Amino acid sequence: MNTEIRVLVVEDDPVAADAHQLYVDRVPGFTVASVAHSRAEAVRALERTPVDLLLLDLYLPDGHGLHLLRSLRAAGHTADVIAVTSARDLAVVREGVSLGVVQYVLKPFTFATLRDRLVRYAEFRAAAGEASGQDEVDRALASLRSPQPARLPKGLSGPTLEAVTRALRSAPDGVTAAAAGVELGISRITARRYLEHLVTAGRAVRSPQYGQIGRPELHYRWMAEAR
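Residues numbered from 1 in each chain as written. Predicted model: local features only at pLDDT ≥ 70, side-chain atom pairs only at ≥ 80, totals over all residues. Heavy atoms only, no water.

K.L.:
What is the right way to read the sheet that holds strand 8 (residues 175-176) from this model?
P.N.:
Whether parallel or antiparallel, the strands of a sheet pair through hydrogen bonds between backbone atoms. Pairing is antiparallel in the open sheet, where three strands are placed in the order 8-10-9. Each edge of the sheet is formed by a strand with only one pairing partner; in this case those strands are strand 8 and strand 9 (204-209). Both strand 9 and strand 10 (residues 217-222) contribute to a ladder of six bridges, which runs antiparallel. Each bridged residue has a counterpart across the sheet, and for S207 the counterpart in strand 10 is H219. Where helix 7 (residues 158-169) meets the sheet, its contacts fall on strand 8, strand 9 and strand 10, and the angle it forms with strand 10 comes to roughly 90°. Running at roughly 55° to strand 10, helix 9 (residues 188-200) makes contact with strand 8, strand 9 and strand 10 of the sheet. (Pairing = 2+ DSSP bridges. Helix = DSSP H or I, 4+ residues; strand = E, 2+ residues; numbered from the N terminus. Contact = heavy atoms within 4.5 Å. Axes fitted to C-alpha atoms, helices over the stretch in contact; angles between N-to-C directions.)

K.L.:
It is not clear to me how the packing of aromatic side chains should be interpreted in this structure. Could you clarify?
P.N.:
In this description, a pair of aromatic rings is defined by centroid distance and the angle of the planes. All told, the structure shown has two aromatic pairs when counted by the stated rule. We note R26 situated over the ring of F111; from NZ or CZ to the ring centre the distance is 3.8 Å. (Phe/Tyr/Trp six-rings, centres within 6.5 Å; stacked < 30°, edge-to-face > 60°. Lys NZ or Arg CZ within 6 Å of the ring centre and 35° of its normal.)

Here you go:
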């Protein structure tokens, strides 16, 4: 019997939708059943294929994601929801919780962030049977909570990481460590440490860039720009 958790990705940006599908399919136990780019497409997709989980963007071209979710609940759809959004309005968060949103993932996010949310959701979903007491109920609910943010490697600072991240995201064609260092006023070696950290975190990709002479220099691009 197929026990994979079936996911409907609802995201209006085609590039982001492709990335989200790629992320979900990389997590064992999950499979993308369908992708929708609008509220109307999501409704049609659910009529064709039942799913267990919606990865739901809240800002859709034909209506707010929570409006979609409200109509789905009224129609009897019981799939859980992980909201994917840039919105930070806590009133929206509270409304989403009341409609069955089990997790929020703020854009932009990394594969590691989404993987953590999916794994925790799978643990929560796997809990079955009757709880023996309050402790077991608390443990089941705690599986949805995220851990404290991981500390940066020794020698890296949050403000410099943010600056390197901004520089990388603002460069559609990517940057080299030398170019990033010149732009930010830091050494090439320092810039490379931060860029490599972003690669390790799944937020950037590296590739060799061949010049006219000498050996190739590493070229870094923000993950959202990588195809």
